[in-house]
Amino acid sequence: MLNRRILRVKAFQTLYAYQQCKFSNANLAQDYIREAFLPDLNTMEVQDKGQLKRDAERCVQLFLSHLQKDTPLGSGETDEKIRHTAIKAVDLYHKYNQKDKDFLKSNMLTAVENIPGLYIYAIHILLEFGAHVTNEKAKKRKYDAQPALQPASFYNLGANKALQLIDSNHSYRRECNRFQVDSRELELEIKDWFRELVKPNEDYQTYITIDNPSFEQDKEILQSLLKNVLFKSEAVISFFQEKDINWAENKSIVRSLASKVIKNLSGTEEPSDEILPELALNWEEDKEFFQNIFNLTVASEDEFSGMIAQKTKNWDVERIALTDRVILIMALTEMVNFPSIPTKVSINEYIDISKTYSTPKSKQFVNGLLDTLSKELTESGKIRKSGRGLIDNK
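Residues numbered from 1 in each chain as written. Predicted model: local features only at pLDDT ≥ 70, side-chain atom pairs only at ≥ 80, totals over all residues. Heavy atoms only, no water.

Novice: Even after reading the chapter, I still don't get the packing of aromatic side chains, so can you show me in this structure?
Specialist: For any pair of aromatic rings, geometry is given as the distance between the ring centres together with the angle between the planes. Tallied over the entire structure, the rule returns 14 aromatic pairs. Look at Tyr 204 and Tyr 207: their rings are 6.4 Å apart centre to centre, the planes differ by 40°, and that puts the pair in the tilted class. Of this pair, Tyr 204 and Tyr 207 both sit in helix H8 (residues 202-207), separated by three residues, roughly a single helical turn. For the pair Tyr 204 and Tyr 207, one class covers both residues: buried. Here the aromatic rings of Phe 231 and Phe 240 are separated by 6.2 Å at their centres, their planes lie at 10°, and the arrangement is stacked. Exposure class is identical for Phe 231 and Phe 240. Each is buried. An aromatic cluster is built from Tyr 121, Trp 193, Phe 231, Phe 239, Phe 240 and Trp 247, whose rings are joined through pairwise contacts. Residue placement shows Arg 4 over the ring face of Phe 289; its charged tip is 4.4 Å from the ring centre. Above the ring of Phe 37, the side-chain terminus of Lys 81 is found at 4.7 Å from the ring centroid. (Phe/Tyr/Trp six-rings, centres within 6.5 Å; stacked < 30°, edge-to-face > 60°. Helix = DSSP H or I, 4+ residues; strand = E, 2+ residues; numbered from the N terminus. Buried < 20%, exposed > 50% of the residue type's maximum accessible area, 1.4 Å probe, protein only. Lys NZ or Arg CZ within 6 Å of the ring centre and 35° of its normal.)

Here it is, written out as structure tokens:
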């Protein structure tokens, strides 16, 4: 299931991508400036190419100084073309940034909300394996004049009681329709995967020797196929990677959710429609946190970048690893804007992110800086914690 740590990581990845977009957009704006000062091929007038190049560089510097210092654009610049072009470049830069931010924010949420479709596909593949066994049994009876005598247990998966329960479940069928899970999409792959991956599986070979397997044994083989076939075989993983560009990060979540579907099945109680696990214990609250940490971090970037710069005077803030800058700004944003989350929890969460996604020395750097800044922000009253188990300003 999704938890806040996973959501922080996904928000961090999106914010990192946004920072990279901003760098690219600054380059695009500078390209626009240089193109504006290229010689005009449609005029017969003599043009000073050297002067045009110098004007372009003056305009680029004016553009960059405005982005870095937020000074009044064109202050002190007497050349009207240079000032006007710089203003236009700044407008383009912000326009591109807004477009990228909106796209990344929307994609961030959509990618998370599409995770259930991936575990539904995993369960669907198991059902298709069962259907394949049933079809093979029917073909044997229809086309073989003297069919090879196979024990009934050979076709256990086709009669798997847990699969039958899932297949008849209304919520599962509804989610298949919602995520457009189509059996025709995998028709050829199912045959190949069953032959090459399922049949040689040791647990499966044991399963097809059991006469009348119990409901628990039916569930056990499905768990085994999930773990040892669907989430370990390169062929199946390639399918999921095509479905989800973030598969490497989402794999463990999808596996956990698919496994929980099988765990939720009961062969002794009255059939229940509630076999599908929730994406999170309280997704609406988590979704709000997810969106807020992204939006507030973007809004707080200038303020907290300044604070970081003050504490790293011996460093050019632009030379600090981009991953560290994003992590630090996210952490400070969370500490200031989410009063119910203890400061130590926020610091520990972002230290863990730095261990995985930043440089080898980032853990100590992030830890030391966040510890110092959190104390200062608490003393100044900007960090105020309140809520269950918390004391204001502690």
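Novice: How should the pattern of salt bridges be read in this particular structure?
Specialist: Pairing of side chains with opposite charge becomes possible as their charged atoms draw close. A full pass over the atoms with the stated rule returns 25 salt bridges. Residues Glu 284 and Lys 287 are paired through a salt bridge, measuring 3.8 Å at the closest nitrogen-oxygen approach. Of this pair, Glu 284 and Lys 287 both sit in helix H12 (residues 283-311), three residues apart, which is roughly one turn of the helix. The class of Glu 284 is exposed, set by a relative accessible area of 52%. (Salt bridge = Lys/Arg side-chain N within 4 Å of Asp/Glu carboxyl O.)

Novice: How should the environment of Pro 213 be read in this particular structure?
Specialist: Looking at where Pro 213 falls in the secondary structure, it is placed in the loop between H8 and helix H9 (215-230). A C-alpha to C-alpha distance of 46 Å links Pro 213 and Tyr 357, two positions 144 residues apart in sequence. In this structure, Pro 213 is in contact with Asn 156, Lys 161, Tyr 207 and Asp 218, ignoring residues within four places of it in sequence. (Contact = heavy atoms within 4.5 Å.)

Novice: What am I meant to see in the environment of Ala 280 here?
Specialist: By the element assignment, Ala 280 lies in the loop between helix H11 (247-263) and H12. As a C-alpha pair, Ala 280 and Leu 2 span 278 residues in sequence and 5.2 Å in three-dimensional space. Beyond its immediate chain neighbours, meaning those up to four positions away, Ala 280 contacts Met 1, Leu 2 and Asp 286.

Novice: Just to check I follow, could you spell out the packing of helix H1 (residues 4-36) against H12 for this structure?
Specialist: Two measures define how a pair of helices packs: the angle their axes make with one another and the distance between the axes. For the pair H1 and H12, the least separation of the axes is 10 Å and the interaxial angle reads 30°. What the angle tells us is that H1 and H12 run roughly parallel. Seen from above, H1 lies across H12 with right-handed handedness. Every residue of H12 that contacts H1 at Arg 4, Leu 7, Arg 8, Lys 10, Ala 11, Thr 14, Leu 15, Tyr 18, Gln 19 and Lys 22 is listed here: Trp 283, Glu 285, Asp 286, Phe 289, Phe 290, Ile 293, Phe 294, Thr 297, Val 298 and Glu 301. Grouping the constituent residues of the contact of H1 with H12 by class yields ten nonpolar, three polar and seven charged. (Axes fitted to C-alpha atoms, helices over the stretch in contact; angles between N-to-C directions. Parallel < 35°, antiparallel > 145°, perpendicular 65-115°, else oblique. Left-handed = near helix turned anticlockwise from the far one by under 90°. Nonpolar A, V, L, I, M, F, W, Y, C, P; charged D, E, K, R; others polar.)

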